[in-house]
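# Descriptive structure summary
Here is what each chain is made of, one letter per residue.
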Amino acid sequence: MINGASVGGCTAAILYARQGARVALLERRSDVNAHKVLCTHYIQASAYPVMAATGLDKALEQVGAIANTADYWTRWGWIRPPHDPAGAHGYSVRRETLDPLLRKLAAGTEGVDLKAGHTVDELLVEGGRVVGVAGTAREEPFSLRARLVVGADGKDSTIARLAGARTETTENGRFSYFAYFKGLARQPGDAARVYYLEPDNAYVMPMEDDVTVIAAVVSKARLDEFKADLDGAYTNFVRSLPEAPDIDNAERISKIVGTVNYPLISRDPAGSGYALIGDAALTSDPLAAVGCAWAMQSAQWLVSESAPAVTDADAASGAAVDAALARYGARHAEETGPHHHLIADYAAARPFNEIEEFSFSAAARDARMAAHFHTFGSRLMTVEEFLAPEIVARMEEVNGHGLSDEVLRRLAGEDVAGSGDGAADDVFEGVAR
Ligand SMILES: Cc1cc2nc3c(=O)[nH]c(=O)nc-3n(C[C@H](O)[C@H](O)[C@H](O)COP(=O)(O)OP(=O)(O)OC[C@H]3O[C@@H](n4cnc5c(N)ncnc54)[C@H](O)[C@@H]3O)c2cc1C
């Protein structure tokens, strides 16, 4: 049973059904064309293999989704990775296109039963193990037993709340507002533009049908200014961007929408009889644009760990499923933990730390480091790979200076006095504040 038929839930449903599982895919919204509004639609390249596995890649290309890439503005100039059409990419596609398409793909997969208009509000628990859910559909109560209950129900996950999943919250120091435009000139290769304005950020992302979304991601120190005159503050902010998109000669086709408080939420992704995927497990900073990709990828990690146990007709108890869920939990932490650690630290809207200055400036100065930077931002490499010794040496060469001794010792995994355990995923600790 999967609760939530959005990016993560539909992906998991397709992958489980392909492994022979019978899947009930519950969704509280009754309109199968419903879509998420708060999203700026950039799916990172790290999710490409999952999209290829579900067939979503071809479906997206047919509706004109953009094979995405990006340039990045910094105080050292533009970071311009090569835009190779045959290279690794994700897709930029509006949720009003993506969500119905993915839901249709899931509903059309043999073994998936999409139950729209079903709201879960209770867990069935036996002997401390989650064994099903109960809720309401068209004002009628329903209940459903399942070998595994998957919470794919977003950042305010009902499954996580009812199961009492351990939760960590980090404040987000920025708010964001965005709007959609038609008729904006595009960059070569349809590249998105991401601005690091220290501490503010902005991005300009082209999508299908000549639509571009422009987001202002601004330090909360400026919230009053935006609250007093949203239209004026947003428009001035966009106009003042370096090489600003020419919004005065484009058509704005939407209201300005956004969110003024979006804390980052990290939960234990598995417990006895249940698992969490997507935002239910980890709501990272929207600024990093990792949510959709990680929703798909966490679905795939879960299915690859648990499908054999879930589909084993001879399994007498939930022990094999729970063992698989523990493996999924460990994998989720390993894949997302170090990345999210850095993202959460940057969400404080603080100035760049020493490693950010060092790596961003090197990427602005050197084509190879630009490609490396983009690959990291696309979440196609680990934090350790991003700062491997030969990479740090190259950055030093192009910058004409090195990192401080303290940072180098941290990168080498040394426990610098008073700094904790020196674990590899803590490389930015200390220098980050
Ligand atoms: C401003 C903003 C910009 C963003 N931009 C990007 C971006 O550019 N790129 C990117 O990758 N990510 C972005 N994100 C994040 C992205 O939107 C999410 O990470 C992604 O939607 C998570 O997918 P999901 O399937 O886990 O959850 P969701 O998409 O939130 O779906 C949850 C589903 O569960 C259903 N549901 C909830 N509760 C229940 C219940 N009790 N019973 C039944 N059904 C239920 C909901 O109706 C919904 O369909 C952005 C987020 C914000 C706020």
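For clarity, every value in this text was computed on a predicted model and none was experimentally measured.

Right, let's get into the layout of surface pockets. The calculated volume of the largest pocket comes to roughly 1,100 Å³. Among the secondary structure elements, those contributing two or more residues to the lining of the largest pocket are α1 (7-18), β9 (118-126), β14 (174-182), β23 (282-283) and α8 (291-311). Partitioning the lining of the largest pocket into residue classes produces 20 nonpolar, 19 polar and 10 charged. Shared between two domains, the lining of the largest pocket holds at least three residues of each, these being domain 1 (2-41 + 94-170 + 263-339) and domain 2 (174-259).

To continue, consider the sheet that holds strand β2 (residues 23-27). In sheet architecture, strand pairing relies on hydrogen bonds along the backbone and comes in two forms, parallel and antiparallel. Spatially, the 6 strands line up as an open sheet ordered β8-β2-β1-β12-β22-β21, and their pairing is mixed. Looking at which strands have only one partner, the edges of the open sheet turn out to be β8 (112-116) and β21 (270-271). Of the strand pairs in this sheet, strand β12 (residues 149-151) and strand β22 (residues 274-276) are connected by 3 bridges, and their pairing is parallel. Residue pairing for β22: Gly151 is matched across the bridge by Leu276.

This chain's UniProt record puts "domain: FAD-binding" (unreviewed entry) on residues 2-309. The span residues 2-309 shows a helical share of 26% and a strand share of 33%, and its end C-alpha atoms are spaced 16 Å apart.

The subject of this paragraph is empty space enclosed by the protein. For the structure on display, the rule yields 3 cavities of 30 Å³ or more. Every residue lining the largest cavity is counted, 28 residues in all, and those nearest its centre are Tyr196, Ala288, Phe360, Gly377 and Arg379. Sorting the residues of the lining of the largest cavity by element identifies β5 (70-74), β15 (192-196), β16 (201-206), α9 (319-346), α10 (354-365) and α11 (367-377) as the ones contributing at least two each. When grouped by side-chain class, the residues that make up the lining of the largest cavity number 18 nonpolar, 7 polar and 3 charged. In this model, the second largest cavity occupies a volume close to 70 Å³. Along its surface, the second largest cavity is lined by Asn172, Arg174, Phe175, Ser176, Tyr203, Val217, Thr259, Tyr262, Asp285, Pro286 and Leu287. Considering each element in turn, the lining of the second largest cavity owes the most residues, 3 residues, to β14. Across the lining of the second largest cavity, the residue classes tally to 6 nonpolar, 3 polar and 2 charged.

About the cut-offs
Residues numbered from 1 in each chain as written. Predicted model: local features only at pLDDT ≥ 70, side-chain atom pairs only at ≥ 80, totals over all residues. Heavy atoms only, no water. 1 Å grid on protein atoms, 1.4 Å probe; cavity = no way out; pocket = protein on both sides within 12 Å on 5 of 7 lines; lining within 4 Å. Points joined across faces, edges and corners; volume = space filled by probe spheres on them. Helix = DSSP H or I, 4+ residues; strand = E, 2+ residues; numbered from the N terminus. Nonpolar A, V, L, I, M, F, W, Y, C, P; charged D, E, K, R; others polar. Domains from an automatic or database assignment. Pairing = 2+ DSSP bridges. UniProt positions renumbered as here; feature names shortened; annotations may be inferred.

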